[in-house]
Amino acid sequence: MQRPLTHSPSPRHCVTLLAEASVCCFVLFLHAVALAQDPKVPGANKQPSAIPSWATPDAPQQSEAARLMREIAEHSQAFQNLEEMCEDIGPRLTGSDKLRQAQAWAMSKLKGYGAANVHEEPYEFGKAWTRGIAWARILGANGQELHVAQEAWSPATDGMIKGEVALLEAKSFDELKSALPTLQGRIVLLNDLPKPSEEEEKDKSAFYEAVREALRRAQFQALLEESGKPNDLMTMDGSPVTKWKTTDVPRAFIADEHAHLLKRLIARHGKVEIGLSLGGTFSKDPVKAYNVVAEIQGSEKPQEVVIVGGHQDSWDLGTGATDNGTGTVVAMEVLRAMKALGLKPKRTLRVVLFSGEEQGLLGSEAYVKAHDRELGDIQAVLIDDLGSGRITGWPDMGEESVRPLLAAAMAPANSEGLKTIGPFTMPAWTDHWPFHRKGVPSFGALQESLDYFQTTHHSQVDTLDHVVKEDLVQSAQAMAVTAWGLLNGEPLPHHVPLLEK
Ligand SMILES: [Zn+2]
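If you're wondering where the values come from, they're calculated on a predicted model, not measured in any experiment.

Draft legend 1. Representation of the overall build of the protein chain in the model. Helices and strands together make up the secondary structure of the protein chain, namely 16 helices and 17 strands. Taken across its 501 residues, the protein chain has 59% of its residues classed as buried. Within the protein chain, counting contacts between residues at least 6 apart in sequence, those at least 24 apart form 82% of the total. Summed over its atoms, the accessible surface of the protein chain is roughly 19,000 Å², and 51% of this surface lies on carbon and sulfur atoms.

Draft legend 2. Region of the structure containing helix H11 (residues 321-340). Burial within H11 is extensive, with 18 of its 20 residues counted as buried. Directly after H11, the chain includes Gly-342, whose backbone phi takes a positive value near 70 degrees.

Draft legend 3. How the structure looks around the environment of Ala-222. Relative to the helices and strands, Ala-222 is located in strand S7 (residues 222-226). A residue is classified by how much of its surface remains accessible, and Ala-222, at 0% relative accessible area, is buried.

Draft legend 4. Molecular detail of the packing of aromatic side chains. Going through the model one piece at a time under the given rule, you end up with 9 aromatic pairs. Between Phe-354 and Tyr-367 the ring centres are 6.0 Å apart and the planes differ by 90 degrees, which places this aromatic pair in the edge-to-face class. Of this pair, Phe-354 sits in strand S12 (residues 347-354) while Tyr-367 sits in helix H12 (residues 362-370); the two residues are 13 residues apart in sequence, bridging distant segments of the chain. We note that Phe-354, like Tyr-367, is buried. Centre to centre, the rings of Tyr-452 and Phe-453 are 4.8 Å apart; their planes meet at 70 degrees, and the pair counts as edge-to-face. Note on accessibility: Tyr-452 and Phe-453 belong to one class, buried.

Draft legend 5. Representation of the side chain of Asn-324 within the structure. Among the structural elements, Asn-324 can be located in helix H11. A polar contact of 2.7 Å, which involves the side chain of Asn-324, links it to the backbone nitrogen of His-311. There is a polar contact of 3.2 Å between the side chain of Asn-324 and the side chain of Asp-385. Not counting chain neighbours up to four residues away, the residues in contact with Asn-324 comprise Gly-310, His-311, Asp-313, Asp-384 and Asp-385.

Draft legend 6. Representation of the pairing of strand S5 (residues 161-169) within the structure. In this structure, S5 lies alongside strand S9 (residues 273-278), joined through 4 bridges in antiparallel fashion. Residue pairing for S9: Gly-163 is matched across the bridge by Ile-274. By the bridge criterion, 5 bridges tie S5 to strand S6 (residues 187-192) in an arrangement that is parallel. Within S6, the position partnered with Glu-169 by the bridge is Asp-192.

Draft legend 7. Fine view of unusual backbone geometry. At the junction of Asp-323 and Asn-324, the peptide bond is cis and its omega measures out at 10 degrees in the coordinates. Although it is not a glycine, Trp-153 sits at a positive phi angle of roughly 60 degrees. Summarising the element assignment, Trp-153 is placed in the loop between strand S4 (148-150) and S5. Of note in this structure, Leu-450 is not a glycine but carries a positive phi near 45 degrees. Structurally, Leu-450 can be placed in the loop between strand S17 (446-447) and helix H15 (452-456).

Rules used in this analysis
Residue positions are given per chain, counting from 1 as you read along its sequence in written order. Confidence filtering applies because this is a predicted model: local features only for residues at pLDDT of at least 70, side-chain atom pairs given and counted only at 80 or more, and all residues used for totals across whole chains, interfaces and linings. Hydrogens and waters are ignored; side-chain quantities use all the structure's heavy atoms. Numbering of helices and strands runs from the N terminus; a helix is a DSSP stretch of H or I covering at least four residues, while a strand is a stretch of E covering at least two. Accessible area is worked out with a 1.4 Å probe on protein chains only. A residue is then buried under 20% of its type maximum, exposed over 50%, and partly exposed in between. Residues count as neighbours in contact if any of their non-hydrogen atoms are within 4.5 Å of one another. Shrake-Rupley sampling with a 1.4 Å probe provides the accessible areas, and residues are treated as covered by the protein chains on show and by no other component. Pairing of aromatic side chains requires ring centres within 6.5 Å, counting the rings of Phe and Tyr and the six-membered ring of Trp. Pairs whose planes differ by under 30 degrees are stacked, by over 60 edge-to-face, and all others tilted. Each polar contact in these results corresponds to two N or O atoms within 3.5 Å; when the atoms are within protein, one needs to be able to donate a hydrogen and the other to accept it, and residues that are neighboring in sequence are counted only if both atoms are side-chain atoms. Note: two strands are recorded as paired if DSSP finds a minimum of 2 bridges between them.

In structure tokens:
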């Protein structure tokens, strides 16, 4: 079986979606409701359920969970940590010195909280990429400066390049094939990419791979893609891993309003010329990237592990506060609160701060590969990566059998809004996925979306301004309570691994 969930692309995100499963992807999220209704999806057509009455946990567990909630309410360091990491250190692109600084900072904090076994685990990442100049201006006409952001891991232009903007418009694969030769050597603005016909729908992955391959061979001079967001907001994407690349030409996102301006000028005057300069640079050699790990050893079954995590890497237009600074500091707060109370879970709590998530779940993939033999001992993986909104529950990932145990774990935080078990499989949006694929019970938190998808996600305004302090407290409480239940309760059943592609 292939990845169980596929999606239809939105034209505005075609290049992103050609990367197949761009992580924490806005478009994918918009399909969440549809997924829950999709009869092909295990557990579909069920409504999200509230916690059933039989899910009352035993008294000692409840009291420890209540103590955790109080400790976090009264002494949370999550927001302060977020401010230190995002504003003192800054954006944390995988492969950058800034991420290395943030990882050293996190390890120091976790050691200070009394964590055991604090260390980093390396993996081969590929070449690092550093953002440089990104400048564009209309030449002649109204002379307006255009807002662009170079797509990460795309090559620089050869100084400032000048040329007429050519629109790439193709409604079918045949139209694409005939359009591409005419666009060779041009500055191309992506306007419309083909959607699969009824016949091509039968094997959508093959269709999108064919489109991607055609684009790779097209030899544009540069490629511009609308950001897909209003109000001059940018987005970001890119990866050193070839399978995620769309082309090897300089690529940039352009503000929607400025793309529309170019298209209107072309429509009225037949052409428009721009100057474009993109200066991103690659490291000379491939680099390693790292995941940060810290633990509280289990008192009865230390070999059995519950992982609580998020990704510490971020895109670099903003400071990565909501994607995924919040998930990072929530995971750290869970460990802090348990240590502060001197709680001793039966199983081992393992905090993992992944990296390379934005480049294709590279850190969690590497982690799963390195720990392949221990996956049977990983009881659960809990990830917070849908922005800074309150955690409302967890998806059941298509496994009915996990519902009562999840419900029991969540029960002590029902009063704080942790009530929903979503009857669907959250796809490869974040770091739960490589574990899920291997049969480990793995869950990405369901969260109130606030302005995450419309505004902060991958944009230049992913900053502390958009984080609600009280919601961060609730998220840490929800994560801590769920983790505590799973650390001490009945083990969640593993499921049959999905077949690799
Ligand atoms: Zn994320």
